[in-house]
Amino acid sequence: MEGLRGNTRQALSIPHTIRDGRLGSVVNTSAVSDTGEHYDLVVVGAGISGLAAAYFYRKKNPEAKVLILDNHDEFGGHARRNEFHAEGRDQVLIGYGGTQAIDTPSIYSDTAMGLLKELGIEVDKFETFFDQEFYDRWNLADEGDTVLFRAEEFGRDHLAVRGKGMSVREWLKDAPISSEALDEIVMLYDEPKDWMPGLSDAEKKERLARMTYTGYLRDVAGVGDEVLAYVETLTSDEWAVPASTWGALDAWGEGYPGFDGLGLDDSQASPLNSFSMRRFWDFEDPYIYHFPDGNASIARLLVHALIPGSVPGEDELDMESVVLAEFDYSKLDTDDNDVRLRLQAPCTDLRHDGSPSSAERVFATYYRDGGLHRVTADHVVMAAWHVMGKYLMSELPSSQRTAMQDASKQPLLYANVVVRNWQPWVELGMRHIRLTGGDWAVAQLDYPVSMGGYEHPQNPDEPIVIQMIGAPSAGVQSLKQGAITGRHRTLKRDFASFERSIRHTLNRALGDGGFDAKRDIEAITVNRWGHGYAREYTSLWDSFWPDGPTPAERASKRLGRIAIANSDAAPNAYTDIAIDEAHRAVEELGEV
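Presented here is an overview of the structure given in this document. (Residues numbered from 1 in each chain as written. Predicted model: local features only at pLDDT ≥ 70, side-chain atom pairs only at ≥ 80, totals over all residues. Heavy atoms only, no water.)

1. Observations regarding the overall build of the chain
In step 1: Each helix and strand counted, the chain has 24 helices and 17 strands in total.
In step 2: A compact globule built from 592 residues would reach a C-alpha radius of gyration of about 25 Å, and the chain, at 24 Å, matches this within 12%.
In step 3: In terms of overall dimensions, the chain has a C-alpha envelope of 75 × 60 × 45 Å along the principal axes.
In step 4: With 592 residues in all, the chain has 61% of them scored as buried.
In step 5: Carbon and sulfur atoms provide 44% of the accessible area of the chain, an area that totals close to 22,800 Å².
In step 6: A gap of 7 Å separates the mean positions of the 59 positive and 94 negative side-chain charges of the chain. (Helix = DSSP H or I, 4+ residues; strand = E, 2+ residues; numbered from the N terminus. Rg over C-alpha atoms; globule rule 2.2 N^0.38 Å. Buried < 20%, exposed > 50% of the residue type's maximum accessible area, 1.4 Å probe, protein only. Areas by Shrake-Rupley, 256 points an atom, 1.4 Å probe, with all protein chains shown as cover. Lys, Arg positive; Asp, Glu negative; His and termini not counted. Charge placed at Lys NZ, Arg CZ, Asp CG, Glu CD.)

2. Some points on the packing of helix 4 (residues 110-118) against helix 24 (residues 575-589)
When two helices pack together, their arrangement is given by the angle between the helix axes and by the axis-to-axis distance.
In step 1: At their nearest, the axes of helix 4 and helix 24 sit 8 Å apart, and the two run at 100° to each other. Taken together, the axes of helix 4 and helix 24 lie roughly perpendicular to each other. Contacts between helix 4 and helix 24 pair Thr 111, Ala 112, Leu 115 and Leu 116 from the former with Asp 576, Ile 579, Asp 580 and His 583 from the latter.
In step 2: Each residue belonging to the contact of helix 4 with helix 24 can be placed in one class, and the counts come to four nonpolar, two polar and two charged. (Axes fitted to C-alpha atoms, helices over the stretch in contact; angles between N-to-C directions. Parallel < 35°, antiparallel > 145°, perpendicular 65-115°, else oblique. Contact = heavy atoms within 4.5 Å. Nonpolar A, V, L, I, M, F, W, Y, C, P; charged D, E, K, R; others polar.)

3. Regarding helix 24
In step 1: In this model helix 24 runs 22 Å from its N-terminal to its C-terminal C-alpha over 15 residues, within 8% of the 21 Å that 1.5 Å per residue would give.
In step 2: For helix 24, the buried fraction is high: 11 of the 15 residues fall into the buried class.
In step 3: Every buried residue of helix 24 is listed here: Thr 575, Asp 576, Ile 577, Ala 578, Ile 579, Glu 581, Ala 582, Ala 585, Val 586, Glu 588 and Leu 589. (Expected span 1.5 Å × (residues − 1).)

4. What to know about the sheet that holds strand 12 (residues 410-419)
In a beta sheet, neighbouring strands pair by backbone hydrogen bonds and run either parallel or antiparallel.
In step 1: Read from one edge of the open sheet, eight strands run 1-16-12-15-14-13-6-7, paired in mixed fashion. Both edges of this open sheet fall to strand 1 (3-6) and strand 7 (158-161), since each of them pairs with a single strand only. Looking at each pair of strands side by side, their axes are set apart by 20° on average, direction ignored.
In step 2: Sheet analysis places strand 12 next to strand 16 (residues 521-533), joined by nine bridges and oriented antiparallel. Among the inter-strand pairings, Leu 413 is bridged to a residue of strand 16, identified as Arg 528. (Pairing = 2+ DSSP bridges.)

5. Let's talk about a negative patch on the surface
In step 1: Residues Glu 314, Asp 315, Glu 316 and Asp 318 make up a contiguous surface patch of negative charge.
In step 2: Tracing the backbone through its elements, the reader meets Asp 315 in the loop between helix 16 (296-306) and strand 8 (339-342). (Patch = residues over 30% accessible without salt bridge, like charges linked within 9 Å, V, L, I, M, F, W, Y side chains within 5 Å. Salt bridge = Lys/Arg side-chain N within 4 Å of Asp/Glu carboxyl O.)

6. Looking at the nonpolar core
In step 1: In this structure, Ile 68, Ile 102, Ile 121, Phe 291 and Leu 510 are the most contacted members of the largest nonpolar core, which totals 115 residues.
In step 2: Broken down by element, this core gets its largest block of residues, eight residues, from helix 3 (residues 48-60).
In step 3: Counting residues in each nonpolar core, the second largest holds 48 residues, with Ala 221, Trp 239, Phe 259 and Leu 264 among its members. (Core = buried A, V, L, I, M, F, W, Y, C linked by side-chain atoms within 4.5 Å.)

7. Points about the packing of aromatic side chains
In step 1: Counted under the stated rule, the structure contains 26 aromatic pairs.
In step 2: For the ring pair Tyr 55 and Phe 56, a centre distance of 6.1 Å and an interplane angle of 80° mean the geometry is edge-to-face. The pair Tyr 55 / Phe 56 is uniform in exposure class, with both members buried.
In step 3: Judged by centre distance (4.6 Å) and plane angle (10°), the rings of Tyr 216 and Phe 259 are stacked. Pair noted here: Tyr 216 is in helix 11 (residues 213-219) and Phe 259 is in the loop between helix 14 (248-254) and helix 15 (275-280), with a separation of 43 residues, a long-range link. When sorted by exposure, Tyr 216 lands in the same class as Phe 259, which is buried.
In step 4: Through successive ring pairs, a cluster of aromatic residues spans Tyr 96, Phe 130, Tyr 287, Tyr 414 and Tyr 447.
In step 5: Directly above the ring of Tyr 135 sits Arg 431, whose terminal nitrogen or CZ lies 3.8 Å from the centroid. (Phe/Tyr/Trp six-rings, centres within 6.5 Å; stacked < 30°, edge-to-face > 60°. Lys NZ or Arg CZ within 6 Å of the ring centre and 35° of its normal.)

8. Comments concerning the pattern of salt bridges
In step 1: One pass over the full model with this rule turns up 45 salt bridges.
In step 2: Its salt-bridge partner being Arg 340, residue Asp 333 comes within 2.7 Å of it at the nearest N-O pair.
In step 3: Put simply, Asp 333 and Arg 342 hold a salt bridge, and the shortest N to O gap is 2.7 Å.
In step 4: On the accessibility criterion, Arg 342 (3% relative accessible area) is buried.

9. A closer look at the environment of Leu 51
In step 1: Position of Leu 51 among the secondary structure elements: in helix 3.
In step 2: Assessed through its relative accessible area of 0%, Leu 51 is described here as buried.
In step 3: For the pair Leu 51 and His 386, spaced 335 residues apart in the sequence, the C-alpha separation amounts to 16 Å.
In step 4: With residues near it in sequence (within four places) discarded, Leu 51 still touches Gly 45, Ala 46, Ile 68, Gly 76, Ala 299, Leu 302, Val 303 and Leu 306.

10. Looking at the packing of helix 3 against helix 16
In step 1: Direction vectors running N to C along helix 3 and helix 16 enclose 35°, while the axes themselves pass 10 Å from each other. Once helix 3 is placed against helix 16, the crossing between them reads as left-handed. Residue-level contacts link Ile 48, Leu 51, Ala 52, Ala 54, Tyr 55 and Arg 58 of helix 3 to Ile 298, Ala 299, Leu 302, Val 303, Ala 305 and Leu 306 of helix 16.
In step 2: Looking at side-chain class alone, the contact of helix 3 with helix 16 contains 11 nonpolar, no polar and one charged residues. (Left-handed = near helix turned anticlockwise from the far one by under 90°.)

11. Details of the side chain of Arg 487
In step 1: Looking at where Arg 487 falls in the secondary structure, it is placed in helix 20 (residues 479-492).
In step 2: Among buried Asp, Glu, Lys and Arg side chains, Arg 487 stands out as unpaired, with Asp 568 the closest opposite charge at 9.5 Å.
In step 3: One polar contact links Arg 487 to Ser 408, side chain to side chain, over a distance of 2.5 Å.
In step 4: Ignoring anything within four residues of it in the chain, the contact list for Arg 487 reads Ser 408, Lys 409, Pro 411, Gly 530 and His 531. (Polar contact = N/O pair within 3.5 Å; in protein donor to acceptor, adjacent residues only side chain to side chain.)

12. A few points about the pairing of strand 13 (residues 432-435)
In step 1: Of the two faces of strand 13, the one carrying His 432 and Arg 434 and the one carrying Ile 433 and Leu 435 are both buried.
In step 2: Direction of pairing for strand 6 (residues 146-149) relative to strand 13: parallel, over a ladder of two bridges. Bridge assignment links Leu 148 to a residue of strand 13, and that residue is Leu 435.
In step 3: Inspection of the sheet shows strand 13 paired to strand 14 (residues 442-445) by three bridges, in the antiparallel sense. Counterpart to Arg 434 in the pairing with strand 14 is Val 442.
In step 4: Linking two consecutive strands that pair antiparallel, namely strand 13 and strand 14, is a turn of six residues; a positive phi of about 90° is found at Gly 438 within it.

13. Notes on the side chain of His 72
In step 1: Note on placement: His 72 falls in the loop between strand 3 (66-69) and strand 4 (81-84).
In step 2: Relative accessible area serves as the criterion here: at 5%, His 72 is assigned to the buried category.
In step 3: Among the polar contacts listed, one links the side chain of His 72 to the side chain of Asn 71, at a separation of 3.1 Å.
In step 4: Sequence-distant contacts of His 72, that is, excluding residues within four places in its chain, are made with Gly 6, Asn 7, Ala 11, Arg 80, Leu 343, Gln 344 and Trp 385.

From the geometry alone we can't say anything about function, so treat these as descriptive.
Put into structure tokens, the structure is as follows:
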């Protein structure tokens, strides 16, 4: 698989015409073909939230007929799988094109964890499936201990790899920064001061809540521009925004350098911290709960549970057998299915047959094969991006439409690069690189997971997947505006420009280890997620936080027979939240 995946031009074309009021110029909107199909439930969006909604609905109503619509040519939403056939490897190489892992399963609700268990996922098994000695076996530096200082920010390229037990000063002594900047970085890591003397703990946190991370370092800690350039991408991998956008209070909570001297009480999160920071505060699960394709395996298990014939010859799948299972996409939308999954069928309109308060059915219209088609349903779960909700549901109150528009997701790029071997990484002693700027914030070796007959590469001479992560949101802007700017940049670029960027970046990062992109790269897939992470609410950018009410609370209110799911309804960009919101939506439909 090579080229652009994720938010492809085909997947976005109809939604964009709807957004821009141009659908009528593409298709005759007055000529809607009634299919004659009636369903107990129509789900809009085949991501994890939409699939989970269909699952929960069927669990409550085992005889229910369900139709799932999605604008993409693949199910799973942001939980996407990439497959490659590398030269010199008999077995397929699997990469993840979206959601990486079951992040912090100890925090999962009974509902979310219950669903995983019903699908045959036993998270404790990852303690064996994930080779936890892999990195030490090859003497590879810890995550966060390798930085590529780029010439664009620092005058010349320099790869800094921190060996075991190495001090910060030794690690960065040859970096292209002034001695003053080196002293400042060492100070931030090792001996940060109390730059807010005389303020109470609450007053310090209140002040941090009103500034960005780089603003804190510049205006309070007094460091120079070189240090600000050094930290700019420190937040990009975790939060999909640069340090010049991310709040200082959440940077403290995440443990980024520069805060220890403040003496802040860290026994619990501050009410002013973001929702994610507060939610994960007391939990430190290892980051090992990872399928080879990320959480695409959860989506695949859901589809098989809903459509048993989707994997011919497999009556049952579990967390191991799903890894190499081959789905037959021609079986997803057949007349004899109780649940039908209709891909490349973007929804264009949802409206009740009469008043939402009293109607007995909903019309669901979608685009496919050059025309508009309509089905009816007793209930609908709208599990697509909330920013589309305002366009699909004209019956919504104006305040709810406005609230949906607030859910502007943070754009992401997940590129999988198949290389003929990973000797350069061993030669340089690293597994994860943070870059100080450009298209990519991170390049890393694929996680060492072997399960279900799938074998992660064990020898550095074998082909492997390098994952690269880009966070295009612009800095020094609000979360929402930065996301919009980054999305426009991302969706305007073609595959060739991303390919050039990947080749150039890896040559610079790995060249000293003997890497040559022309010789060593076998395949590239770029998963382009203009609509990626559900955005966080923070006290820095959102005046309603933390006291509320939030736009998500208004946006997710049920309208008649239409309930609203997706992680935007929290909003929180995690798989368990997508599942929980699906369950809430289905429970709300039980009221009508």
